[in-house]
Amino acid sequence: FPSTDAIIGALQITLEENIAQFGDLVTKQIEGTAMGPSHACSYADAAADYAIDQKVMSNNNQFNQCISLWARLRDDIYCAWIGSEEELKLFDTWLNGLHPRLKFTLEYSTEGTIFLDLFVSTGTDCCIKTKIYSKPCDSHAYLLPTSCHPTHICKNIPLGVMKRVRRNCSEEADFTL
């Protein structure tokens with residue numbers, strides 16, 4: 001196995017020596033990480049945890065008592081807020097001041113909100129409810145059976161979609177047609 005120093009050295013090379021070519025133009029990325037390498041998502045997650053999550057969840061965050069739930073997947077964040085609307089806007093300003101290169105967009109509603117492919121809300125019993133959400137531009141295009149993929153892949157797409165819809169709809173009414 002390679003030594004820890006060798007692994008760190010390899011990571012440093014892949015993080016600092018990102019060369020890309022577009023036609024005749026050759027460029028070197030000087031900040032951030034390229035999104036192609038297999039370690040890029042892990043690196044981005046670790047960086048976001050350090051730059052955002054730890055600061056949001058720390059006792060030094062004056063808005064900590066207003067956060068009922070903080071969940072992040074890559075660059076998507078879901079925050080269940082129990083403070084006032086004014087406090088939420090102040091929190092957004094504070095959040096956007098955490099790092100000069102990170103900018104957050106605040107979308108909120110008392111009815112519920114979108115997180116990834118879900119619409120998340122709370123019912124009258126204060127339980128979290130979820131149902132499938134898709135962007136208006138989503139064409140719901142899947143592989144055609146005439147594609148070069150193995151037959152079993154195309155045959156399993158409807159089952160996979162059905163399982164995802166079933167798993168992500170907390171209410172029976174949202175699952176049935």
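For the structure, check the block above.
Bear in mind that the values here come from a model prediction, so they are computed numbers and not experimental data. Numbering of residues starts from 1 in every chain and runs along the sequence as written. pLDDT decides what is reported in this predicted model: residues at 70 or higher carry local features, side-chain atom pairs at 80 or more are listed and counted, and totals for whole chains, interfaces and linings draw on all residues regardless. Each side-chain value is worked out from all heavy atoms of the structure, with water and hydrogens disregarded.

A. Structural view of the nonpolar core. As used here, the term nonpolar core means buried Ala, Val, Leu, Ile, Met, Phe, Trp, Tyr and Cys residues forming a set that is joined through side-chain atoms within 4.5 Å. Each residue is assigned to one of three classes by its accessible area relative to the maximum for its type, calculated with a 1.4 Å probe on protein chains only: buried under 20%, partly exposed between the two thresholds, exposed over 50%. I52, V56, I67, W70, W81, F91 and L95 are the most contacted members of the largest nonpolar core, which totals 14 residues. The numbering of helices and of strands both runs from the N terminus, where a helix is a DSSP run of H or I of at least 4 residues and a strand a run of E of at least 2. For this core, the elements supplying multiple residues, two or more each, are α2 (40-56), β3 (67-73) and α3 (85-96). Once residues lying within four places of it in the same chain are set aside, the contact partners of I67 are V56, N61, C79, A80, W81, I82 and F91. In terms of nonpolar packing, the next biggest core, distinct from the first, is built from five residues, A80, F115, L118 and V120 among them. Working rule for contacts: check all heavy atoms of both residues, and any pair within 4.5 Å makes them a contact.

B. Geometry of the pattern of salt bridges. Salt bridge, as used here, is a side-chain nitrogen of Lys or Arg placed within 4 Å of a carboxyl oxygen of Asp or Glu. Overall, the coordinates contain seven salt bridges when judged by the stated rule. Taking the shortest distance from any N to any O, the salt bridge between R72 and D45 comes out at 3.7 Å. With a gap of 27 residues between them, R72 in strand β3 and D45 in helix α2 connect regions that are remote in the sequence. Between E85 and K89 there is a salt bridge, with its nearest N and O atoms 3.5 Å apart.

C. View of the pairing of strand β1 (residues 18-22). The rule for pairing is simple: two strands pair if DSSP sees at least two bridges between them. Note: β1 against strand β2 (residues 25-29), five bridges, orientation antiparallel. Along β2, the bridge assignment pairs I19 with K28. In sequence, β1 turns back onto β2 through a hairpin of two residues, with G23 there showing a positive phi of about 65°.

D. Region of interest: the sheet that holds strand β5 (residues 113-115). Here three strands make up an open sheet; going across it, the order is β5-β6-β7 and the pairing antiparallel. Each end of this open sheet is capped by a strand with a single partner; those strands are β5 and β7 (128-132). For this sheet the average axis-to-axis angle between neighbouring strands, irrespective of direction, equals 35°. Of the pairings in the sheet, the one linking β5 to strand β6 (residues 118-122) comprises three bridges and is antiparallel in character. Across the sheet, residue F115 finds its bridge partner in β6, namely L118. The axes used here are C-alpha line fits, helices contributing only the stretch in contact, and every angle between their N-to-C directions lies in the interval 0 to 180 degrees. Lying on the sheet, helix α4 (residues 151-168) is in contact with β6 and β7; it crosses β7 at an angle near 155°.

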